[in-house]
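# Structural characterization, general
Here is how the chains run, residue by residue.
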Amino acid sequence: MPKSVFPVALLSIERGWEKFKMKKNFKLIVAALILFVFIGTFVFLWQKSQPQPVLYEEFTPQMTDLRKVTVVTGKIEPRNEVNVKPQISGIITEIMKEAGDMVQAGEIIAKVKVVPDMNQLANAQARVRLASINVKQAKVNFDRQKALYDKGLVSGDEYDKIRQSYNQANEEVMAAQDNLEVVRDGVSKNNANTSSTLIRSTISGLVLNVPVKVGNTVILSNTFNDGTTIASVANMNDLIFRGNIDETEVGQLVVGMPMKITIGALQDTHLQASLEYVSPKAVENNGANQFEIKAAVRGVNNHQIRSGYSANAEIVLASASHVLTVPESAIEFSGNNTYVYVVNGKDKNKTYTRKKVVTGLSDGLNIQIKQGVSAKDKVRGPKIVKDKADK
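Before going into details, it helps to say that this report is about the structure given with it. (Residues numbered from 1 in each chain as written. Predicted model: local features only at pLDDT ≥ 70, side-chain atom pairs only at ≥ 80, totals over all residues. Heavy atoms only, no water.)

Positive phi, normally seen in glycine, also occurs at Asn286, with a value near 55°. Along the chain, the position of Asn286 falls in the loop between β13 (266-285) and β14 (288-298). Positive phi, normally seen in glycine, also occurs at His322, with a value near 55°. Locating His322 in the fold gives a position in strand β15 (residues 310-327). (Helix = DSSP H or I, 4+ residues; strand = E, 2+ residues; numbered from the N terminus.)

The structure is reproduced here in structure tokens:
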């Protein structure tokens, strides 16, 4: 072999060996990575499979005031709302007041033009004619009797009887004429100041509604219908709250209990009220038995309250001052008994002892502890649930 060929062959062998070592190292690196991923996955799954320690909230009993409060939904209404109705049937010719106006008792709200009943009108006219005939005959008799009396031919008793009959006939003419005017016009000359064609308010207050317009036909109230309402009037300084309370709470109500009223349309307005009525009979509302309550609202003079405002009434059903309390979530209810778990020890040595307690008033969040634990104890609450992001 020539000398020039040997170095070339040696160089080729060295390069081949280097390539072989590089491939071997690459395979080792890949294998190591796969093994690392496998071991890491195994460790991760093993850690996830291990039971996690259960953590609980802990509370220290506190001395505080408790109030059991219920909220009743209802409306604000005037105590007395009067519907003003006509005393005759007819047509509205003029309206003096509108909703929102103040009105005094006896003040005119509207005027009505009478539409006479034809039968009544015919009877009234016939009565006038008959009365006119009778008065003419009575006058003839009176004149004849008076002439005889003046000559001394009849006694005074007979003369007085004839004169009385004549006066009665005159009164009947006037009564028949008044009746005709009332039937035809709704008012007579002799009672113009008390005319039934003038619709007057029966109370002083605020006009809440005038449901009629000029030209509307109205009818008077009778046995067969309620009549047409000309206006609704109420004293808005004498208001009540009306609502319904559930039967589970009605037994704790006492007439005279204070209430705090919050009006939905006036969130910044809070009024005081006192309970004055609890219905003796339940009404069914959405499958639940409820009782109607009414409360007198006070201090409305400085507020513009409208009839029908939705409102909430807050009633304190029971209260306790300076009592030992814990969150109600720390209480375990078992039949008629109640228990708490008292915390013993610290950190990893912590244990919980189940202890019977006597509870009292609850406001839905905190509950009174009468016996069983003291302010020095610490009680266990519900489990601490971590968010998924913390896991």
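So much for the structure itself; the text now carries on.
Let's shift gears to the side chain of Thr262. If you trace the backbone, Thr262 turns up in strand β12 (residues 258-263). Polar contacts involving the side chain of Thr262 include one to the side chain of His270, which spans 3.2 Å. In contact with Thr262, not counting residues within four places along its chain, are Gln267, Thr269, His270, Ala311 and Asn312. (Polar contact = N/O pair within 3.5 Å; in protein donor to acceptor, adjacent residues only side chain to side chain. Contact = heavy atoms within 4.5 Å.)

With that settled, the discussion passes to the nonpolar core. Counting residues in hydrophobic clusters, the biggest one holds 27 residues, and the most contacted among them are Ile76, Phe241, Leu253, Met259, Ile261 and Ile293. Where this core is concerned, the elements lending two or more residues are β2 (62-78), β11 (239-246), β12, β13, β14 and β15. Counting residues in each nonpolar core, the second largest holds 16 residues, with Val103, Ile109, Ala110 and Val233 among its members. (Core = buried A, V, L, I, M, F, W, Y, C linked by side-chain atoms within 4.5 Å. Buried < 20%, exposed > 50% of the residue type's maximum accessible area, 1.4 Å probe, protein only.)

Where a strand is regular, its side chains alternate between the two sheet faces. The pairing of β2 with β11 spans five bridges and is antiparallel. Considered in β11, the bridge of Glu77 is made with Ile240. Across seven bridges, β11 lies against β14 in antiparallel orientation. Residue pairing for β14: Asn244 is matched across the bridge by Glu292. (Pairing = 2+ DSSP bridges.)

What follows is about the environment of Asn83. Mapping Asn83 onto the fold places it in strand β3 (residues 81-84). As for Asn83 and Asn209, which are separated by 126 residues in sequence, their C-alpha atoms are 9.3 Å apart. A polar atom in the side chain of Asn83 sits 2.9 Å from the side chain of Ser232.

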